[in-house]
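# Observations on the model geometry
Letter by letter, the chains look like this.
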Amino acid sequence: MNSTHLRPIAVAMTAAASVPLSLLALPATAGPPAAATASVAKPSTAVVGWNEVAGQAAVAGCLAPGNDPLHEARMYAMTHLAVHDALNSIHRRFDPYAERRRAPATASPEAAVAEAAHDVLVASLEQTRAFFGDACSDAGIAVVQSHYADVLGHIGNGPAKRAGRAAGARAAATILAARSADGSATLPLVDPDYPQGTKPGQWRFTPGVPFAFEPRWGEVDLFALKKVVNVAPPLDLRSRRYAKDLNEVKALGGVDSTARTADQTEIARFWLESSPLAWNRIGRQLALARGLDLWQQARLFGLLNMAMADGYVSTFATKYADTFWRPVTAIHEAGSDGNPRTAADPAWMPLEQTPPIPDHDSGHAVEGATAAAVFQRFFGTDRMSFSNCTNTIPGHECGSADPVVRHFSSFSAAARENARSRIYVGFHFRYATEVGLGHGALIGSYAAAHYLRPAS
């Protein structure tokens, strides 16, 4: 196995047992890292600052960069919707999501943002104790508490601060109450008893990973969508297109591939990172580059994260409805697929360990296309130059002395590269990524068109 492969992390299960590996097969720390401390954001960038802190808390809390992007996306969505509503209770520039009560116009916006973000993040990280244990949750909460104390310490005491904190607390309480019975806390994180398929095309557990990850996440309440999106079914195993896709991922996605280029290998590992973590980092860069004010920042991150949270619900509903096998199983058992254009290779393994969820459609492609669609709608264009780093190429992480940075000239180009990465890493058939791109584009466009609109 190559040197960048995952380092195991113990993951709590409902029966108090543990599974000694990272759930979604990404490089992981052996435990919660030391609490990171974000610099206090200037008032004009307070929302961006709290977005960065949310990501730091997700890493410290063992959700990111890959253990549990589903709860991570939900946490970001609730946080930024509370922040959005808190600001708009002070000055109504955009339609609120859940909290419609008004706050005094003299309330401090920065205090409102801090209280809303703090309250939701702490409550969300408390919920994950059942999944990742006290040490992880405590580390994540410590990140939040440190930034919260710093921010409030820089806001002068008085009626404006008290009113702002009260507005933030109300917005947080409203969104937490609205999501308290959304199904996310009661579902099994992993299910070792999930029924595996036995026929060609039917999903089996990933080799070495004896469980299904979040098989009922498709039942979690949606933030923006009225219902999950219906997408095209997987390919017919006997079709030419299926054989073409299988042979492509077989050639390019194997751990010992000689056909994959150095750039494709970099792409494969670059986009391994949690989608919510990566696309929020891009969102921060865009918000700062475009000089968005607090209300615009709050709207951007509210739309981005509610859409991405819905993307996971919709794609997991699809995955566990279709339960289509992954390339690693399909290549091992190609002799049974009835297609004369494929050939079995029982020794084939992907570049990185395949996530323990079905193939169709690609959730990573869904998330990237969802984010790109939100950005396109928000900024009114697809063409915008930006860059991104990653935390899943060891020794070259964001903030290291030699980070890997990739550059893009449009949102759609980044989404397409993100989707292709799942072929190069050996996780998905191309068709699953193409369907995922269309799936995500619908979700992002819908959320941005129907929510947090300019107030009439």
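If you're wondering where the values come from, they're calculated on a predicted model, not measured in any experiment.

## Section: the overall build of the protein
- Looking only at helices and strands, the protein features 14 helices and six strands.
- A globule of 456 residues ought to have a C-alpha radius of gyration of about 23 Å, and the protein, at 22 Å, matches this closely.
- Taken over the C-alpha atoms alone, the protein extends approximately 75 × 45 × 45 Å along its principal axes.
- Of all 456 residues assigned to the protein, the portion counted as buried reaches 60%.
- Taking all contacts inside the protein whose residues are at least 6 apart in sequence as the whole, residues at least 24 apart take part in 79%.
- Looking at charge distribution, the protein has the averaged site of its 41 positive side-chain charges lying 6 Å from that of its 41 negative ones.

## Quick word on helix H3 (residues 109-127)
- The first and last C-alpha atoms of H3 sit 27 Å apart over 19 residues, in line with the 27 Å expected at 1.5 Å per residue.
- Counting buried positions along H3 yields 14 of 19 residues, so the element is predominantly enclosed.

## Concerning the nonpolar core
- Ranked by size, the top nonpolar core spans 123 residues in total, and within it Trp50, Trp279, Phe375 and Phe379 carry the most contacts.
- In terms of residues, this core owes the most to one element, helix H10 (residues 294-322), which gives 15 residues.
- When residues no more than four places from it in sequence are discounted, the contact partners of Phe379 are Leu286, Arg290, Leu292, Leu300, Met384 and Phe411.
- Listed in part, the 15 residues of the second largest apolar core include Tyr242, Val249, Ala330 and Val435.

## Examining the environment of Asp322
- Structurally, the position occupied by Asp322 is in helix H10.
- Residue classification places Asp322 among the partly exposed residues on the basis of a relative accessible area of 28%.
- Residues Asp322 and Gln202, 120 residues apart in the sequence, show an inter-C-alpha distance of 8.4 Å.

## Observations regarding the packing of H10 against helix H14 (residues 430-450)
- The geometry of H10 relative to H14 is characterised by a closest axis approach of 9 Å and an angle of 140 degrees between their N-to-C directions. Considering the angle they form, H10 stands oblique to H14. Judged by the sense of rotation from one axis to the other, the crossing of H10 with H14 is right-handed. Taking contact as the criterion, the partners of Arg299, Leu303, Ala307, Asp310, Gly311, Ser314, Thr315 and Thr318 in H10 are, on H14, His439, Ile443, Gly444, Ala447 and Ala448.
- Here the residues of the contact of H10 with H14 sort into five nonpolar, six polar and two charged.

## Remarks on H14
- An ideal rise of 1.5 Å per residue puts 30 Å on 21 residues; H14 measures up with 31 Å between its terminal C-alpha atoms.
- All of the buried residues in H14 are Tyr431, Ala432, Thr433, Val435, Gly436, His439, Gly440, Ile443, Gly444, Ala447, Ala448 and Ala449.
- Those residues of H14 that are buried lie in contact with helix H7 (240-252), H10, helix H12 (363-379) and helix H13 (411-424).
- Phi turns positive, to about 55 degrees, at Leu452, one or two residues after H14.

## Points about the side chain of Ser184
- With respect to the helices and strands, Ser184 occurs in the loop between helix H6 (159-178) and strand E3 (190-191).
- Relative accessible area serves as the criterion here: at 1%, Ser184 is assigned to the buried category.
- A distance of 2.9 Å separates the side chain of Ser184 from the side chain of Arg74, its partner in a polar contact.
- When sequence neighbours within four positions are dropped, the list of residues in contact with Ser184 reads His71, Arg74, Gln127, Phe131, Trp217 and Val220.

## Quick look at the state of the cysteines
- For the structure shown, the criterion picks out two disulfides.
- Sulfur-sulfur distance for the disulfide between Cys389 and Cys398 comes to 2.0 Å. Disulfide Cys389-Cys398: the torsion about the S-S bond is 110 degrees, which places it as right-handed.
- For Cys398, a relative accessible area of 22% corresponds to the partly exposed category.

## Section: the packing of aromatic side chains
- Within this structure, the stated rule accounts for 20 aromatic pairs.
- Each ring, one from Phe378 and one from Phe379, has its centre 4.9 Å from the other, and the planes form 70 degrees; the classification is edge-to-face.
- An aromatic cluster is present here, built from Phe270, Trp271, Trp279, Phe375, Phe378, Phe379, Phe386, Phe408 and Phe411 joined pairwise through their rings.
- In this structure, Arg179 is placed above the aromatic ring of Phe223, and the distance from its NZ or CZ to the ring centre is 3.6 Å.

## What about unusual backbone geometry?
- In this chain, Ala64 is followed by Pro65 through a cis amide linkage whose omega measures 10 degrees.
- When you line up the elements, Pro65 lands in the loop between helix H1 (46-60) and helix H2 (69-90).
- In this model, His360 is joined to Asp361 through a cis peptide bond whose omega is -5 degrees.
- With a phi close to 40 degrees, Thr323 is a non-glycine residue in the positive phi region.
- Along the chain, the position of Thr323 falls in the loop between H10 and helix H11 (327-332).
- Thr323 gets classed as partly exposed once you look at its relative accessible area, which sits at 21%.

## Regarding the pattern of salt bridges
- Inspection of the entire model under this criterion finds 19 salt bridges.
- Sharing partners across several salt bridges, the network here consists of Glu126, Arg129, Asp134 and Asp138.

## Describing the confidence of the model for the protein
- Across the protein, the average pLDDT comes to 91, with 91% of residues at 70 or higher.
- The model gives residues 1-43 a pLDDT under 50, and that stretch makes 108 contacts with residues more than four places away or in other chains.

## Some words on the packing of H1 against H3
- Between H1 and H3, the shortest axis-to-axis distance is 10 Å and the interhelical angle comes to 15 degrees. Comparing their axes, H3 and H1 come out roughly parallel. In this structure, the crossing between H1 and H3 has a hand that is right-handed. Contact residues: H1 offers Ala46, Val47, Trp50, Ala54 and Ala57, while H3 offers Glu110, Val113, Ala114, Ala117, His118, Leu121 and Leu125.
- Across the contact of H1 with H3, the residue classes break down as 10 nonpolar, one polar and one charged.

Conventions adopted
- Residues numbered from 1 in each chain as written.
- Predicted model: local features only at pLDDT ≥ 70, side-chain atom pairs only at ≥ 80, totals over all residues.
- Heavy atoms only, no water.
- Helix = DSSP H or I, 4+ residues; strand = E, 2+ residues; numbered from the N terminus.
- Rg over C-alpha atoms; globule rule 2.2 N^0.38 Å.
- Buried < 20%, exposed > 50% of the residue type's maximum accessible area, 1.4 Å probe, protein only.
- Contact = heavy atoms within 4.5 Å.
- Lys, Arg positive; Asp, Glu negative; His and termini not counted.
- Charge placed at Lys NZ, Arg CZ, Asp CG, Glu CD.
- Expected span 1.5 Å × (residues − 1).
- Core = buried A, V, L, I, M, F, W, Y, C linked by side-chain atoms within 4.5 Å.
- Axes fitted to C-alpha atoms, helices over the stretch in contact; angles between N-to-C directions.
- Parallel < 35°, antiparallel > 145°, perpendicular 65-115°, else oblique.
- Left-handed = near helix turned anticlockwise from the far one by under 90°.
- Nonpolar A, V, L, I, M, F, W, Y, C, P; charged D, E, K, R; others polar.
- Polar contact = N/O pair within 3.5 Å; in protein donor to acceptor, adjacent residues only side chain to side chain.
- Disulfide = S-S within 2.5 Å.
- Phe/Tyr/Trp six-rings, centres within 6.5 Å; stacked < 30°, edge-to-face > 60°.
- Lys NZ or Arg CZ within 6 Å of the ring centre and 35° of its normal.
- Salt bridge = Lys/Arg side-chain N within 4 Å of Asp/Glu carboxyl O.
- pLDDT = per-residue confidence, 0-100.

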